[in-house]
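Spelled out from the first residue to the last, the chains are:
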Amino acid sequence: MIKAIEWTKNKLFLIDQTKLPGKLSRFECKTAQQVADAIAGMKVRGAPAIGVAAAFGVYLGVRRPPLAKTFEQLESQVAKLCALLGKTRPTAVNLFWALDRMKRCTVNNRDHKLATLRDILLREALNIYREDEKVTKAIAAQGAELMRDGDTIMTHCNAGALATAGVGTALGVVVEASRKHKGIKALVGETRPRLQGARLTAWELKQAHVPFHLITDNMAAYFMKKGDINVVIVGADRIAMNGDVANKIGTYGLAMLAYHHNIPFYVAAPVSTFDRSLASGDSIPIEERSPLEVTHVNERPISIAGVKALNPAFDVTPHRFISAIITELGVVRAPFDQNLKNLFANLV
Ligand code: MRU
């Protein structure tokens, strides 16, 4: 399986996803700043993968000389590293979830020697990594149960192994469904402007031997009307407690189309993607990226010189268009506010 993030011999390696599918290359991140740059520049992307990379970023920061000499120095170093890493991408809540875990881990282990505490921080980053491996497997298994022989499953953006530490969320479901059921096919939206569907999801599906077609984003309604799409599944960057879902721009439109055509629309996401402080999706911050991503493709201009462009990277799908949210703890359906409350009732 593809590993977007690797921790080997005490070093952090990331696949440079901006070079895919043309070139599969790994690079080492030696500092927290390099991890922050990799996240902001989308060399590593996808909400869970961003969180995992950031956790390692904190450890890379605290182990770099000059080392903190007191607990207070270490605590303030961790706070500064979390601020640096937290500035990179505002929508993916897994980033803040992972950074909060690193901060909590620091405080909870204040009585240890500083060298031991630094090792404990590495262990916490590794825990976040390994938990994601387990959680994504559970999501893939539960999601595959919802698919049927012969289904054509549409997905958007990339919520695969490249976007997590494990098998992926939505794309993990597609791959697992194709192992479990006969005749599964996928339909992949190209996902302008960064083309995660065309570049990354297509690349992953080919490796997993899942038959698929690539379509442009504006073809979805045509294929739904023809009856060629049985189910839609996407990942998420942040989910509010009423079930509203922020995901890659274009997800909201797809969900409305699926609703109109009576096609099940599923969201697959780990518990770490829920923002338990938000009652609805209205206050989810939406990342605005450079207009150059819209005006240019592969650094080539595609419009008139000086054209103004807008580039919100995510949108929020209201929960009423969502058939179910597939988590590692179970499949949640409407009424989402009540059922999510129940799901989280037993969690700290
Ligand atoms: O901008 P990106 O490529 O980081 O956006 C990724 C998505 O929108 C994914 O669907 C989401 O992060 C879930 S990844 C398992």
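Quantities reported herein were computed from a predicted structural model and do not represent experimental measurements.

**Some thoughts on the pairing of strand S10 (residues 265-268)**
Right, on to step 1. Side chains Phe265 and Val267 of S10 all project onto a buried face; the interleaved residues Tyr266 and Ala268 project onto the opposite face, where all are buried too.
Right, on to step 2. Judged from the 3 bridges that link them, strand S7 (residues 231-234) and S10 form a sheet pairing that is parallel. Counted as the bridge partner of Ile233 is Tyr266 from S10.
Right, on to step 3. Where S10 meets strand S14 (residues 324-327), 3 bridges bridge the pair, whose relative direction is parallel. Residue pairing across strands places Val267 opposite Ile325, the latter belonging to S14.

**Some remarks on the pattern of salt bridges**
Right, on to step 1. Counted according to the given criterion, the structure contains 15 salt bridges.
Right, on to step 2. Connected through salt bridges with shared partners, the residues Arg89, Arg194, Glu287, Arg289 and Glu293 form a single ionic network.

**Examining the side chain of Thr169**
Right, on to step 1. Within the secondary structure, Thr169 sits in the loop between strand S4 (152-155) and helix H6 (170-180).
Right, on to step 2. Residue classification places Thr169 among the buried positions, given a relative accessible area of 5%.
Right, on to step 3. In this structure Thr169 touches Thr136, Ile139, Ala159, Thr164, Gly235, Ala268, Ala269 and Pro270, once residues within four positions along its chain are discounted.

**A word on the side chain of Arg118**
Right, on to step 1. Summarising the element assignment, Arg118 is placed in helix H5 (residues 114-144).
Right, on to step 2. Those residues in contact with Arg118 that sit more than four places away from it in its chain are Tyr59, Val62, Arg63, Leu67, Ala68 and Leu74.

**Things to note about the site of the ligand**
Right, on to step 1. The environment of the ligand is formed by 18 residues, the closest being Arg45, Arg89, Gln196, Asn247 and Lys248.
Right, on to step 2. A distance of 2.7 Å separates an oxygen atom of the ligand from a polar side-chain atom of Arg45.
Right, on to step 3. At 3.0 Å, a backbone N or O of Gly46 approaches an oxygen atom of the ligand.
Right, on to step 4. Burial of the ligand by the protein amounts to 100% of the accessible area it has alone, namely 420 Å².
Right, on to step 5. Elements supplying a minimum of two residues to the shell around the ligand: helix H2 (47-62) and strand S9 (245-248).
Right, on to step 6. In the shell around the ligand, the residues fall into 8 nonpolar, 6 polar and 4 charged.
Right, on to step 7. When residues of the shell around the ligand are assigned to domains, at least three map to each of domain 1 (5-137) and domain 2 (145-345).

**Concerning the sheet that holds strand S6 (residues 212-215)**
Right, on to step 1. Here 7 strands make up an open sheet; going across it, the order is S6-S5-S4-S7-S10-S14-S15 and the pairing mixed. Two strands close off the open sheet at either side, each with one partner strand: S6 and strand S15 (330-332). Looking at each pair of strands side by side, their axes are set apart by 25° on average, direction ignored.
Right, on to step 2. In the packing of helix H7 (residues 196-207) onto the sheet, the strands contacted are S4, strand S5 (185-189) and S6, and the crossing angle to S5 comes to about 160°.
Right, on to step 3. Against the sheet, helix H11 (residues 336-345) touches S14 and S15, its axis set at about 155° to S15.

**Description of helix H9 (residues 251-260)**
Right, on to step 1. Among all positions in H9, only Thr251, Leu254, Ala255 and Ala258 are buried. Seen from one end, H9 has its buried residues packed into an arc of 100°, which puts them on one side.
Right, on to step 2. Residues of H9 that are buried sit in contact with S4, helix H8 (220-225), S7, S9, S10 and strand S13 (314-317).
Right, on to step 3. Of the residues trailing H9, Asn262 is marked for its positive phi of about 60°.

**Quick look at the packing of aromatic side chains**
Aromatic rings in a pair are described by how distant their centres are and how their planes are angled relative to each other.
Right, on to step 1. Following the criterion strictly, the structure yields 7 aromatic pairs and no others.
Right, on to step 2. With 4.9 Å between their ring centres and 10° between their planes, Trp7 and Phe56 make a pair best called stacked. Of this pair, Trp7 sits in strand S1 (residues 5-8) while Phe56 sits in helix H2, placing them 49 residues apart in sequence.
Right, on to step 3. Residue classification places Trp7 among the buried positions, given a relative accessible area of 15%.
Right, on to step 4. Take Phe56: its relative accessible area is 0%, and that puts it in the buried class.
Right, on to step 5. Ring geometry for Trp7 against Tyr59: centres 5.9 Å apart, planes inclined by 75°, an arrangement best described as edge-to-face. Here Trp7, found in strand S1, pairs with Tyr59, found in helix H2; they are 52 residues apart in sequence, far enough to count as distant.

Cut-offs used in this document
- Residues numbered from 1 in each chain as written.
- Predicted model: local features only at pLDDT ≥ 70, side-chain atom pairs only at ≥ 80, totals over all residues.
- Heavy atoms only, no water.
- Buried < 20%, exposed > 50% of the residue type's maximum accessible area, 1.4 Å probe, protein only.
- Helix = DSSP H or I, 4+ residues; strand = E, 2+ residues; numbered from the N terminus.
- Pairing = 2+ DSSP bridges.
- Salt bridge = Lys/Arg side-chain N within 4 Å of Asp/Glu carboxyl O.
- Contact = heavy atoms within 4.5 Å.
- Near = heavy atom within 4 Å.
- Polar contact = N/O pair within 3.5 Å; in protein donor to acceptor, adjacent residues only side chain to side chain.
- Areas by Shrake-Rupley, 256 points an atom, 1.4 Å probe, with all protein chains shown as cover.
- Nonpolar A, V, L, I, M, F, W, Y, C, P; charged D, E, K, R; others polar.
- Domains from an automatic or database assignment.
- Axes fitted to C-alpha atoms, helices over the stretch in contact; angles between N-to-C directions.
- Arc of directions from axis to C-beta.
- Phe/Tyr/Trp six-rings, centres within 6.5 Å; stacked < 30°, edge-to-face > 60°.

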